[in-house]
Amino acid sequence: MVAATIARSIATPARAPFIALDGVAKTYEARFGGQVQAVETVSFEIGHGEFVSIVGPSGCGKTTLLKMIGGLLEPSAGKITYQGLAPGRKKPQLGIVFQDAVLLPWRTVLQNVCLPIEVMRKDRAEGEALARRLIELVGLKGFEDKYPTELSGGMQQRASIARALVSDPAILLMDEPFGALDALTREYMAQELQRIWSSAAKTVLFITHSITEAVFLSDRVVVMTARPSRVAEIIPIDLPRPRDLQMTTSEVFGRQVAHIRSLLSATGEL
Amino acid sequence: MATATAARGESAPGLLRRLDVGTALSAALFILLFGGWELAVIWGLMPAFVLPSPSDVVVRTVVDLTTATTLSDCVYTLTEILVGFLGALILGVGLGALIALNPLADRVLSPYIVALQTIPKVAVAPILVIWFGFGIESKIVIVALIDFFPILVNAVSGFRSTDPRQILLMKSLEATDWQIFVKVRLPNATPFLMAGIYISMIFSVIGAVVGEFIGSARGLGSLIVQRQASMDVIGVFSILVILTLIGIVLNIAAKMIGRRLAFWSETEGASGI
Ligand SMILES: Nc1ncnc2c1ncn2[C@@H]1O[C@H](COP(=O)(O)OP(=O)(O)O)[C@@H](O)[C@H]1O
Ligand SMILES: [Mg+2]
């Protein structure tokens, strides 16, 4: 059974490969001695322009995996390779949306969204125009000059999504980005994300604890086991695109949600 | 949530009332103290050459502040204060950043800093006057020395308080160390720095006056010494008033700058003196 799932997890995507994880593991050194094995061994590939979701019990190492894929954390074993990068680059240009918004409190919404433009020394005027369009896109028009403390948690998170998009990154890494949003905004943002993704040919790695969201958005869903985590199964979602909310009530959709849910409860969660 | 808002809604006018009562009582105390003092001198309870009346002091202060020589002493002392403070600010922030961000510098320098911190700086002043002379330089060094430690200590905690998630965000944008410093670490440290600055602003005045006591021909501190020698008690009090005014103005200026630079911080308001 275990061997079978591992064998299946190495399945390659239909698209040209972009990021390949090969036996990636992470063991943290705990602060007062001892070790925490977060990720046991994970291998899978993400294709160029693919939308991949990761679901798994909380604390199983999803955030850890995301940081390693983004090159922000060294794996303790295994390796991550990138293909088709622009010349001179060692890792892809990232757009990250963290679990919490991580806005700089001394900057306005517009200044926060423009941060990547400044850091990457891109054209300011062009960058600001794009930033304003993205702020409108995430539904924050009129809040450009407000400070983060003047926004609700959900609004802050939407600002951070605009910030992640403004640099036109090769890969968008999203760590439970909609966790702070109310149900309606969440559905709206999921649809917007699908639209952005399909129009901008972006690769997206999306961590969520909403199975419905994962199925709705993804080309493939990676289901993780509890810590120390492995890939339980990788599920291709072959629903036609563009997807609308109507589809979430379809039978195929329901079957895939139920399948993922059963996998997760088999790992002892939910 | 609803109850918290309600409680705040109720307490806002309450706070206002308490503030008004507080201001009124404070004013009443002022009148009582200075009125009593004035009367005590008028009734001859205190000889005026020991304790001059507040009104005499005020008159003398006005005269001092409109006399060119006393004004130039004010400027002299203010120069010591501001230049010394600026030196301490540059050194304190620079060294604070180094200690906070470089573990080796921390291990090498911290023992010395802890040791130096415990030396009473005022007691070093006579040596500094010997080293740097009776001119303005020795006073600037004394002010800088006194101001340095509060700024350094707060700078170290400020630079250490950076949110690691903000650093990770900057790393994800492939920011250079300098960009991370300027765009994240420095703004994050600002409320802490302001706390250090409030303290050292007050220390500055003490440092300058002590330096001038020890040896100086100019400045408000040396003027106190001269007037004391000629038993000009009203004159000494007048300088005291001027020094207090300088302290108040510097404090207000620092607070205004702090409120502008660290407007986003919740801790800023509470940390000052
Ligand atoms: N910097 C760290 N040092 C030590 N342990 C960590 C660190 N970061 C995460 N962990 C541990 O690794 C495990 C996985 O964490 P994480 O990747 O955040 O999980 P998830 O995002 O799936 O909830 C958790 O048990 C967590 O406590
Ligand atoms: Mg997480």
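Here we come to the overall build of chain A. Tallying secondary structure elements over chain A gives nine helices and nine strands in all. Radius of gyration (C-alpha) of chain A: 19 Å, near the 18 Å computed for a compact globule of 270 residues. Overall, the C-alpha framework of chain A stretches about 55 × 45 × 40 Å when taken along its three principal axes. Taking all 270 residues of chain A together, 54% fall into the buried category. Considering only contacts in chain A between residues 6 or more positions apart, those separated by 24 or more positions represent 70%. One way to put it: in chain A the 30 positive side-chain charges average out to a point 4 Å from where the 28 negative ones average out.

This part takes up unusual backbone geometry. All names here are of chain A. Cis geometry is found at the peptide bond from Arg227 to Pro228, where omega equals -5 degrees. By the element assignment, Pro228 lies in the loop between β8 (220-224) and β9 (229-236). Put simply, Arg241 and Pro242 share a cis peptide bond, and its omega is -10 degrees. Mapped onto the elements, Pro242 comes out in the loop between β9 and α9 (251-266). Positive phi values are uncommon outside glycine, yet Arg121 reaches one of about 55 degrees. Tracing the chain through its elements places Arg121 in the loop between α4 (115-119) and α5 (124-137).

Here we come to the site of ligand 1. All names here are of chain A. In the region of ligand 1, the neighbouring residues are Tyr28, Ala38, Ser58, Gly59, Cys60, Gly61, Lys62, Thr63, Thr64 and Arg227. Here an oxygen atom of ligand 1 sits 2.8 Å away from a polar atom, N or O, in the main chain of Lys62. Contact between ligand 1 and Thr63: an oxygen atom at 2.6 Å from a side-chain N or O atom of the residue. The fraction of the free accessible surface of ligand 1 (560 Å²) that becomes covered by protein chains is 64%. Broken down by element, the residue count for the shell around ligand 1 peaks at three residues, all from helix α2 (residues 62-69). In terms of residue class, the shell around ligand 1 is built from three nonpolar, five polar and two charged.

A few words now on the packing of helix α8 (residues 177-214) of chain B against helix α9 (residues 220-229) of chain B. Residue and element names in this part refer to chain B. At a minimum axis separation of 7 Å, α8 and α9 run at an interaxial angle of 50 degrees. It follows that α8 is oblique to α9 by the angle criterion. Note on packing geometry: the crossing formed by α8 with α9 is right-handed. On α9, the residues touching Val209, Glu212 and Phe213 of α8 are Leu220, Gly221, Ser222, Ile224 and Val225. In terms of residue class, the contact of α8 with α9 is made up of five nonpolar, two polar and one charged.

All names here are of chain A. Per the domain assignment, the segments of chain A are domain 1 (2-92 + 170-266) and domain 2 (104-169). A separation of 25 Å is found between the C-alpha centroids of domain 1 and domain 2. On the domain 2 side, the residues contacting the 16 residues of domain 1 number eleven residues. For the domain 1 and domain 2 pair, buried surface summed over both sides reaches about 1100 Å², with 71% attributable to carbon and sulfur atoms. Looking at the side of domain 1 facing domain 2, the largest losses of area belong to Leu172, Met189 and Lys202, adding up to 34% of the total buried there. Measuring nitrogen to oxygen at the nearest pair gives 2.6 Å for the salt bridge that ties Asp168 to Lys202. If you look at where domain 1 meets domain 2, you find three residue pairs in polar contact (both at pLDDT 80 or more). Mapped by element, the contributors of at least two residues to the side of domain 1 that touches domain 2 are β6 (171-175) and α7 (183-200). The biggest single contributor to the side of domain 1 that touches domain 2 is α7, with six residues. Broken down by class, the residue content of the side of domain 1 that touches domain 2 amounts to eleven nonpolar, one polar and four charged.

On to the environment of A:Leu140, then. Residues and elements named next belong to chain A. Here Leu140 shows up in the loop between α5 and α6 (153-166). Taking C-alpha positions, Leu140 is 29 Å from Asp219, a pair spaced 79 residues apart along the chain. With sequence-adjacent residues up to four places away left out, Leu140 is seen in contact with Val109, Ile135, Met155, Arg158 and Ala159.

Any two side chains of opposite charge can pair, on the condition that their charged atoms come close. All names here are of chain A. This model, assessed by the stated rule, comprises 17 salt bridges over all chains. As a salt-bridge pair, Arg230 and Glu40 come within 3.6 Å of each other at their nearest N and O atoms. In this pair, Arg230 is assigned in strand β9 and Glu40 in strand β2 (residues 35-47), connecting sequence segments 190 residues apart.

All names here are of chain B. Position of Ser204 relative to the elements: it lies in helix α8. Taking relative accessible area as the criterion, Ser204 reaches 0% and is therefore assigned buried. The residues contacting Ser204, other than those within four sequence positions of it, are Ile81, Phe85, Val143 and Asp147.

A few words now on the domain arrangement of chain B. Reports of interface size often rely on the accessible area that becomes lost once the parts have come together. For chain B, the assigned domains are domain 1 (2-42) and domain 2 (54-261). Computed from C-alpha atoms alone, the centre-to-centre distance between domain 1 of chain B and domain 2 of chain B is 32 Å.

At the junction of the two partners, chain A supplies 24 residues and chain B supplies 17 residues. It is A:Val102, A:Trp106 and A:Val119 in chain A that bury the most area against chain B; as a group they hold 32% of the surface buried on that side. At the boundary of chain A and chain B, one finds three salt bridges. In this structure, B:Lys183 and A:Glu118 form a salt bridge, with 2.9 Å as the shortest nitrogen-oxygen distance. Inspection of the chain A/chain B interface yields four residue pairs in polar contact (both at pLDDT 80 or more). Elements that contribute at least two residues to the side of chain A that touches chain B include exactly β5 (94-97) and α4 of chain A. With four residues, α4(A) is the largest single contributor of residues to the side of chain A that touches chain B. Residue composition of the side of chain A that touches chain B, grouped by class: 15 nonpolar, one polar and eight charged.

By the definition in use, this model includes eleven aromatic pairs over all chains. Taken together, the aromatic side chains of A:Phe51, A:Phe178, A:Trp197 and A:Phe206 make up a single cluster linked through ring pairs. The ring of B:Phe149 has B:Lys121 sitting right over it, with the charged end atom 4.4 Å from the ring centre.

The rules behind the values
Residues numbered from 1 in each chain as written. Chains lettered and ligands numbered in written order. Predicted model: local features only at pLDDT ≥ 70, side-chain atom pairs only at ≥ 80, totals over all residues. Heavy atoms only, no water. Helix = DSSP H or I, 4+ residues; strand = E, 2+ residues; numbered from the N terminus. Rg over C-alpha atoms; globule rule 2.2 N^0.38 Å. Buried < 20%, exposed > 50% of the residue type's maximum accessible area, 1.4 Å probe, protein only. Contact = heavy atoms within 4.5 Å. Lys, Arg positive; Asp, Glu negative; His and termini not counted. Charge placed at Lys NZ, Arg CZ, Asp CG, Glu CD. Near = heavy atom within 4 Å. Polar contact = N/O pair within 3.5 Å; in protein donor to acceptor, adjacent residues only side chain to side chain. Areas by Shrake-Rupley, 256 points an atom, 1.4 Å probe, with all protein chains shown as cover. Nonpolar A, V, L, I, M, F, W, Y, C, P; charged D, E, K, R; others polar. Axes fitted to C-alpha atoms, helices over the stretch in contact; angles between N-to-C directions. Parallel < 35°, antiparallel > 145°, perpendicular 65-115°, else oblique. Left-handed = near helix turned anticlockwise from the far one by under 90°. Domains from an automatic or database assignment. Buried area = accessible area lost by both parts, 1.4 Å probe. Salt bridge = Lys/Arg side-chain N within 4 Å of Asp/Glu carboxyl O. Phe/Tyr/Trp six-rings, centres within 6.5 Å; stacked < 30°, edge-to-face > 60°. Lys NZ or Arg CZ within 6 Å of the ring centre and 35° of its normal.

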